[in-house]
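# Structural description and commentary
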Amino acid sequence: MEDPIQLKEEGNKYFQASDYEKAVQSYTQAIKLNKDKALQAVLYRNRAACFLRKEEYAKAASDASRAIDINASDIKALYRRSQALEKLGKLDQAFKDAQKCATIEPRNKNFQETLRRLGANIQEKLRIQFSTDMRVQKMFEILLDENSEKEKREKAANNLIVLGREEAGAERIFQNNGVSLLLQLIETKNAELILAAVRTLSGMCTGHKARATAILHYLGIDNICMWMSVDNEEISLAVCNLLQTITDCLLGQGTEEHHGKEEAVVLDTKKDLRMITMRLLDMLVSKKVSGQGRDRALNLLNKNIPRKDLKDHDNSRTIFVIDNGLKKILKVVGQIPEMPDCLPLTENTQLTASVLLNKLYDDLRCDPERDNYRVICEEYIKSKIDPQNMDKTLHAIQMVSGVLQGPFDLGNKLLGMKGVMEMMVALCGSEREIDQLVAVEALIHASTKLSRATFIISNGVTLLKEIYKKTKNEKIKIRALVGLCKLGSAGGTDYGLRQFAEGSTEKLARQCRKWLCNTSIDARTRKWAVEGLAYLTFDADVKDDFVEDEPALQAMFELAKTSDKTILYSVASALVNCTNSYDTKELVPELVQLAKFSKQHVPEEHPKDKKDFVVKRVKRLLKAGVVSALACMVKADSAILTDQSKELIARVFLALCEDPKDRGTIVAQGGGKALIPLAVEGTEVGKIKASHALAKIAAISNPDMAFPGERVYEVVRPLVSLLNTERDGLQNYEALLGLTNFSGRSDKLRMKIVKEKALPDIENYMFENHDQLRQAATECMCNLVVNKEVQERFVADGNDRLKLVVLLCGEDDEKVQVAAAGALAMLTAAQKKLCSKMTEVTTQWLEILQRLCLHDNMEVQHRGLVIAFNLISADKDLAKKLVETELLEILTYVGKQEDDPKKQHIINVARDCLTRCMDYGLIKPLSRA
């Protein structure tokens, strides 16, 4: 067994040698073996000194306290604890320890100086705290005083919001009865004060679970929901953001920092989360809630209930909502705005509810869960169908219509319920306009699948035509027309599957465009005209006519920019059709012949769907200002902007970016900025399309112009995501071009590319058989090797990175040679180790270097000579090795050439090589006779 005293001495030696880690080990071992109390105190205070040097202040304070517990007047332990506590920000306690030290040794100047410093720091801290408290108090006085000047109140409100966003400020407001005062501001009924109070509360809740929970309970979820229900868009949105912030804290999102003792407090958040969910569900069916309030509740449910990641098996929140609120959501989708008993709605409410139905259905994990969902829907719809009460039945049909816009497969099953389809067709023939309106909308949503559409064509087309001809109500007329449009396009882009006679679709489209341009018709009705065009633009004749009609395009773009977000999908669909950016199956000629022989249907391409027509249409759309409309659509903060809608917008952007000449226009109109969120969120296909569009822009644009500020760093990840063997060669190539462009801009961008783990992928493409991919990857690496971390990876043992670059210098492809030689020149200039390593990685290195130095391409030759200069400069032995080879003749030949402005830089490098060799004494000046 080792002696504690010997271990202490050993620890002291390590401490004096500044090896604090080993000193800690020695003292720790001694503490375990020691039985003597006096020695134990010495060991603890010595270990505290080590922890102070290691900047582990909490451990230092703990060890010093243990020494003081043994000997209360241990002056060294007291002073060390004082130092540790000061560093931990506990100035009051540090001052007390320093005071004890000064009492024991009053003449010690060090203790006196520490006391003065700590005293001054405490005073400053109190002054700041007091001034913050005073500022908070003053702000509330100004805000709550009705006689305060408007300018003063606005300034105080803004200051309060800023203070609430800072941790120290938020805590001061919270500790000084601030929540109660903020509640008073909300109760003033003054919109500006309410906004300031709500935004301050949001700041106070951000990232702090305990404070968020306390604020939730103090304000009360009923009050929060009531404020969110008001008919004021700004207040409603601010309260919605507050509730989202509280929910994020309860779900444990965004709480990166730990605040004081919060870690030690166990907060059961499930109860609070369920309470919030129940109140939001209650809001959906309350008549007291405004349309905007209902939208906010639906958006919060859409955002927080379904799982973000389906790999997470816990879908209990979804099950809870289905069991407690599915009927409430169905009630919202079943509302008929034209009826007197309708709940207050906005133009977005019902579609947002349909989106929620879809998300909940998609979040279910197994058939029994889906069956339960279907049964609840069926029972609810059955309870509404009543042949004696047409109004009640109308709600049932409207509900089916709403479900068809959400989980479509479920909607199809509901259509199969006894009497539903027949009731829809019967309502079309009703005398009441409201019946016709609801039935026509239901038929439109029901006829999405071709088989279902065929049934409706045989039953409903006659009725729709009758309604279209007879009705004088524009709202019904336009819906009937959209129904006909949808049925007319049931064959999609297949020219051979046209449902109606030649020219009928163009006639329908002309009428839709006419309605679309008629500003005297309400926006909701004009929206249906866009819906009609979304179907009719499957026909290439309609596409061509539509893009030539600039007023109609402008009218559609203007509608896309309004607050009505239900139009987003229709606009995006029409644009996908016009740009032909949908997926098409490639027809194999042999299979086409076989299908014709066996009398099977073969899809036909419309003559106007050929490439030159598509290019013309894209140019027309760009001229009409499609990019600004798309950018505006992407900004929609609504559940209605679904992943499917985002995918459609990404498809359109990719089609618009096809011609390099148009990319500058796209960037200038905000296309670059709009593509970033599309590349990060949405369907897998949508993200790839958006990333590809970003790559096309990044490949040829100045990154500082296309993606100003910090935005450029957000583009790196989407580009790296395209460096994948599952992506096609063009996506790989353009992503590499984009990364090459970025890596040439700044070291910060190079670091970002490295952090996104792009290096292994770029190296893989340097091995590619495809010349262009190999060239692009090598050029990208040439730019990246400027970065220190990349250089260190080349220096590290056990990899073939350097060998690959050397061998690429010997490629026949000149562009690959230029890039590889550039990379090697920079590597050998930056890292001397790589100069000697280069001669070891392959036996061909000298032959390759000589070829570079004699290359016909001056750019390659210059880089080769720079590599030779780097090798000669790195080491005399290496220079001697090179002088003994034919390389000396090459250098002499190049260096002896007469001065020539075109190749002077090459001649100068060769002469520098010879001068360096002369400096080493390896060659004599006479050699240049």
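Everything quoted here is computed from the prediction, not taken from an experiment.

A tally of helices and strands in the protein yields 52 helices and zero strands. Projected onto its principal axes, the C-alpha coordinates of the protein cover approximately 105 × 85 × 60 Å. Residues counted as buried form 53% of the 929 residues belonging to the protein. Long-range contacts, defined as pairs at least 24 residues apart, comprise 68% of the intrachain contacts of the protein with a sequence gap of at least 6.

Below, the discussion takes up the pattern of salt bridges. Enumeration over the complete set of coordinates arrives at 45 salt bridges. Notably, a salt bridge pairs D643 with K646, separated by 4.0 Å at the nearest N-O pair. Pair noted here: D643 and K646 are both in helix 34 (residues 643–656), with a separation of three residues, about one helical turn. Judged by its relative accessible area of 35%, D643 is partly exposed. Look at K646 and you get buried, because its relative accessible area is 14%. Among the charged side chains, a salt-bridge network with shared partners connects E21, K54, E56 and K59.

Let's shift gears to the layout of surface pockets. Its volume calculated, the second largest pocket comes out at about 1900 Å³. If you go around the second largest pocket, you meet 48 residues; those closest to its centre are K359, S638, A639, L641 and K646. Within the residue set of the lining of the second largest pocket, elements represented by two or more residues are helix 14 (233–250), helix 16 (291–304), helix 18 (349–362), helix 33 (626–634), helix 34, helix 36 (671–680) and helix 37 (684–700). Ranked by the residues each element gives to the lining of the second largest pocket, the list is headed by helix 16, at seven residues. Taken together, the residues of the lining of the second largest pocket break down into 14 nonpolar, 15 polar and 19 charged.

Looking now at the side chain of Q904. You can see Q904 is positioned in helix 52 (residues 904–920). On the basis of relative accessible area, Q904 is assigned to the buried category, the value being 18%. Residues within four places of Q904 in sequence aside, it is in contact with D899 and R911.

Before going further, it helps to examine the side chain of S82. Its location among the elements puts S82 in helix 5 (residues 75–87). If near-sequence neighbours (up to four positions away) are discounted, S82 is found in contact with A94, D97, A98 and L118.

Across all of its chains, the model carries three cavities of 30 Å³ or more by this definition. In this model, the second largest cavity occupies a volume close to 110 Å³. Lining the second largest cavity are L243, T247, L251, L273, I276, T277, L280, L300, L301, N304, I305 and R317. Elements that contribute at least two residues to the lining of the second largest cavity include exactly helix 14, helix 15 (270–284) and helix 16. Per element, the largest residue contribution to the lining of the second largest cavity is four residues, and it comes from helix 15. Here the lining of the second largest cavity is built from residues that sort into eight nonpolar, three polar and one charged.

A few words now on the nonpolar core. Residues Y373, L516, F653, L656, F707, F742 and I762 are the most contacted members of the largest nonpolar core, which totals 263 residues. Apart from the residues lying within four places of it in its own chain, the contact partners of L516 are R526, A529, V530, L533, F546, A552, A555, M556 and L559. Counting residues in hydrophobic clusters, the runner-up holds 33 residues, among them L7, V24, L43 and I75.

Attention now goes to unusual backbone geometry. Within the chain, S18 stands out as a residue other than glycine whose phi angle is a positive 65 degrees. Backbone geometry places K757, a non-glycine residue, at a positive phi of 60 degrees. Mapped onto the elements, K757 comes out in the loop between helix 41 (747–755) and helix 42 (759–766). Since its relative accessible area comes to 65%, K757 is described here as exposed.

Between helix 30 (residues 568–579) and helix 33, the least distance of the axes is 11 Å, while the angle of their chain directions is 145 degrees. In this structure, helix 30 meets helix 33 at a crossing whose hand is left-handed. Listed contacts from helix 33 to L568, V571, A572 and L575 of helix 30 are V626, L630 and M633. The residue inventory of the contact of helix 30 with helix 33, partitioned by class, reads seven nonpolar, no polar and no charged.

Among the secondary structure elements, M858 is positioned in helix 49 (residues 858–874). Not counting residues within four places of it along the chain, the set of residues in contact with M858 comprises K902, K903 and I906.

This brings us to the confidence of the model for the protein. Per-residue confidence for the protein gives a mean pLDDT of 84; residues scoring 70 or more make up 91%. Segment residues 255–266: pLDDT under 50, and twelve contacts once partners within four positions in sequence are set aside and those in other chains are kept. The model gives residues 491–499 a pLDDT under 50, and that stretch makes 23 contacts with residues more than four places away or in other chains.

The next subject is the packing of helix 47 (residues 832–841) against helix 49. It is the contact of helix 47 with helix 49, at a shortest axis distance of 9 Å, that shows an interaxial angle of 105 degrees. Judged by the angle between their axes, helix 47 and helix 49 are roughly perpendicular. Facing K832, C835 and M838 of helix 47, the residues of helix 49 in contact are I867, N870, L871 and A874. Residues of the contact of helix 47 with helix 49, tallied by class, amount to five nonpolar, one polar and one charged.

Covalently bonding the sulfur atom of one cysteine to the sulfur atom of another cysteine gives a disulfide. Following the criterion strictly, the structure yields zero disulfides and no others. The thiol of C377 is unpaired, and the distance to the nearest cysteine sulfur, on C366, comes to 16 Å.

Looking now at helix 49. For helix 49, built from 17 residues, the straight-helix expectation of 24 Å at 1.5 Å per residue is met to within 8% by its first-to-last C-alpha distance of 24 Å. Buried within helix 49 are the following residues: V860, Q861, G864, L865, I867, A868, N870, L871, I872 and S873. Summarising the contacts, the buried residues of helix 49 are in contact with helix 46 (814–830), helix 47, helix 48 (845–853), helix 50 (876–883), helix 51 (887–895) and helix 52. Its side-chain oxygen 2.8 Å from the backbone nitrogen of E859, N857 forms the N-cap of helix 49.

The description of two aromatic rings rests on the distance between their centres and on the angle between their planes. Overall, the coordinates contain four aromatic pairs when judged by the stated rule. Ring geometry for Y361 versus Y373: centroids 5.2 Å apart, planes at 70 degrees, classification edge-to-face. You can see Y361 sitting in helix 18 and its partner Y373 sitting in helix 19 (residues 367–384), a full twelve residues away along the chain. By relative accessible area, Y361 is classed as buried at 13%. The class of Y373 is buried, set by a relative accessible area of 0%. Over the ring of F613 we find K616; its NZ or CZ atom is 5.8 Å from the centre of that ring.

Moving on to a negative patch on the surface. Together, E149, E151, E154 and E192 line one region of the surface with negative charge. Of note, E154 is situated in helix 8 (residues 150–165).

Quick look at helix 21 (residues 408–415) now. Counting buried residues in helix 21 gives six out of eight residues, a clear majority hidden from the surface. Regarding helix 21, the residues found buried are F408, L410, G411, N412, L414 and L415.

With that out of the way, let us pick up the environment of G822. With respect to the helices, strands and loops of the structure, G822 is situated in helix 46. Residue class for G822 comes out buried when judged on its relative accessible area of 6%. Counting along the chain gives 41 residues from G822 to R863, while the straight-line C-alpha distance between them is 5.9 Å. Once residues within four sequence positions are removed from consideration, G822 is found in contact with C782 and R863.

All right, on to the environment of C205 then. You can see C205 is positioned in helix 11 (residues 191–205). Between the C-alpha atoms of C205 and R510, which are 305 residues apart in sequence, the distance is 54 Å. Once you skip the residues sitting within four places of it in the chain, C205 turns out to touch A212, I215, L242, T245, I246 and C249.

The rules behind the values
Once a new chain begins, its residue numbering starts again from 1 and follows that chain's sequence as written. pLDDT decides what is reported in this predicted model: residues at 70 or higher carry local features, side-chain atom pairs at 80 or more are listed and counted, and totals for whole chains, interfaces and linings draw on all residues regardless. Processing note: side-chain calculations cover all non-hydrogen atoms of the structure and skip hydrogens and water entirely. Only runs of H or I of at least four residues qualify as helices and only runs of E of at least two qualify as strands under DSSP, and these elements are numbered from the N terminus. Burial status follows relative accessibility: with a 1.4 Å probe on protein chains alone, a residue under 20% of its type maximum counts as buried, one over 50% as exposed, and anything between as partly exposed. The contact criterion used is simple: two residues touch if any of their non-hydrogen atoms lie within 4.5 Å. Salt bridge criterion: a side-chain nitrogen from Lys or Arg within 4 Å of a carboxyl oxygen from Asp or Glu. Cavities and pockets are found on a 1 Å grid laid over the protein atoms alone: a cavity is a set of points where a 1.4 Å probe fits but cannot escape, a pocket is an open set with protein on both sides within 12 Å along at least five of seven lines, and a lining residue has an atom within 4 Å of such a point. Grid points are joined across faces, edges and corners, and a volume is the space filled by probe spheres set on the points. Three classes are used: nonpolar for Ala, Val, Leu, Ile, Met, Phe, Trp, Tyr, Cys and Pro, charged for Asp, Glu, Lys and Arg, and polar for all others, with Gly counted as polar. Grouping buried Ala, Val, Leu, Ile, Met, Phe, Trp, Tyr and Cys residues that are joined through side-chain atoms within 4.5 Å yields what is termed a nonpolar core. Here an angle of 0 to 180 degrees is reported between the N-to-C directions of two axes, which are lines fitted to C-alpha atoms, with helices fitted over the stretch in contact. Each crossing gets its handedness from the near helix: less than a right angle anticlockwise from the far helix is left-handed, clockwise is right-handed. Confidence scores per residue from the predictor, reported as pLDDT, run from 0 to 100. Note on angle classes: values under 35 degrees are labelled roughly parallel, values over 145 roughly antiparallel, values of 65 to 115 roughly perpendicular, and the remainder oblique. In what follows, a disulfide is any cysteine sulfur pair within 2.5 Å. Given the number of residues in a helix, its expected span is that number minus one, multiplied by 1.5 Å. Identification of polar contacts relies on pairs of N or O atoms within 3.5 Å, with a donor-acceptor requirement for protein atoms, meaning one able to donate a hydrogen and the other able to accept it, and with residues adjacent in sequence counted only if both atoms are side-chain atoms. Classification of ring pairs rests on two measures: the distance between centres of Phe, Tyr or Trp rings, Trp counted by its six-membered ring, which must be within 6.5 Å, and the angle between planes, read as stacked under 30 degrees, edge-to-face over 60 and tilted in between. Whether a charge sits over a ring comes down to the Lys NZ or Arg CZ being within 6 Å of the ring centre and within 35 degrees of the ring normal. Distance thresholds for patches are 9 Å for like charges and 5 Å for nonpolar side chains (Val, Leu, Ile, Met, Phe, Trp, Tyr), applied to residues having over 30% relative accessible area and no salt bridge. Working definition of accessibility: Shrake-Rupley area with a 1.4 Å probe, residue cover restricted to the visible protein chains. In this tally, Lys and Arg are treated as positive and Asp and Glu as negative; His is ignored, and so are the chain termini. For this purpose, a charge sits on NZ of Lys, CZ of Arg, CG of Asp or CD of Glu.

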